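One-letter residues, chain by chain:
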Amino acid sequence: MVSRCRGGDRSLALEMGLSRDPLMTGPIELDVPDICLDPNWKPRADFRLREKPFGYLVMRYNWSIPVEKAAKPVLDALNGQHTLLELQEQFGNQGLELIARLHQEHCLVFTED
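Residues numbered from 1 in each chain as written. Predicted model: local features only at pLDDT ≥ 70, side-chain atom pairs only at ≥ 80, totals over all residues. Heavy atoms only, no water.

Undergrad: What exactly am I supposed to notice about the environment of Ile99 here?
TA: The residue Ile99 is located in helix α3 (residues 84-104) in this model. Taking the C-alpha atoms as reference points, Ile99 and Leu87, separated by twelve residues in sequence, lie 9.2 Å from one another. If sequence neighbours within four positions are ignored, Ile99 has contacts with Val74, Leu78, Leu84, Leu87 and Leu108. (Helix = DSSP H or I, 4+ residues; strand = E, 2+ residues; numbered from the N terminus. Contact = heavy atoms within 4.5 Å.)

In structure tokens, the structure reads:
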């Protein structure tokens, strides 16, 4: 699963004597609406990737999405050469869920033949 980081720092709350981070506005993982993707679409990455100790940061503009190291093969396959159906067959539903989340975060461009 991935989560969207909105910044913040627990040390600020401690320093100011607050019960929680003042930048915390809600849960990290919100209810995600259902989306429809055409199985013939070919996703191409439109993000930068930075390796971190926990895995990777998928970065676009001024925000990032942390993903586990196990997601790297899925991220590498987002090259515009494979259909969503092929990617689902290769990586299963978890891989497809990651792709859908990246789509929701505007990290992908889709093409079709």
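Undergrad: Can you help me understand the pattern of salt bridges in this one?
TA: Pairing is possible between side chains that carry opposite charge, provided their charged atoms lie close to one another. Scanning the model with the defined rule gives three salt bridges in all. The residue Asp76 makes a salt bridge to Lys72 at a minimum N-O spacing of 2.6 Å. Placement of the pair is Asp76 and Lys72 together in helix α2 (residues 72-76), with a separation of four residues, close to one helical turn. Judged by relative accessible area, Lys72 falls into the partly exposed class, the value being 25%. Put simply, Glu105 and Arg101 hold a salt bridge, and the shortest N to O gap is 3.3 Å. (Salt bridge = Lys/Arg side-chain N within 4 Å of Asp/Glu carboxyl O. Buried < 20%, exposed > 50% of the residue type's maximum accessible area, 1.4 Å probe, protein only.)

Undergrad: Is there a simple way to explain the nonpolar core in this structure?
TA: Considering soluble globular proteins, one finds that nonpolar side chains tend to be buried as a cluster. In terms of nonpolar packing, the biggest core is built from 18 residues, with Phe47, Val58, Val67, Leu75, Leu78 and Leu102 touching the most fellow members. Looking at this core, the elements that each hand over two or more residues are β3 (55-60), β4 (63-68), α2 and α3. Here this core gets five residues from one element, more than from any other, and that element is α3. (Core = buried A, V, L, I, M, F, W, Y, C linked by side-chain atoms within 4.5 Å.)

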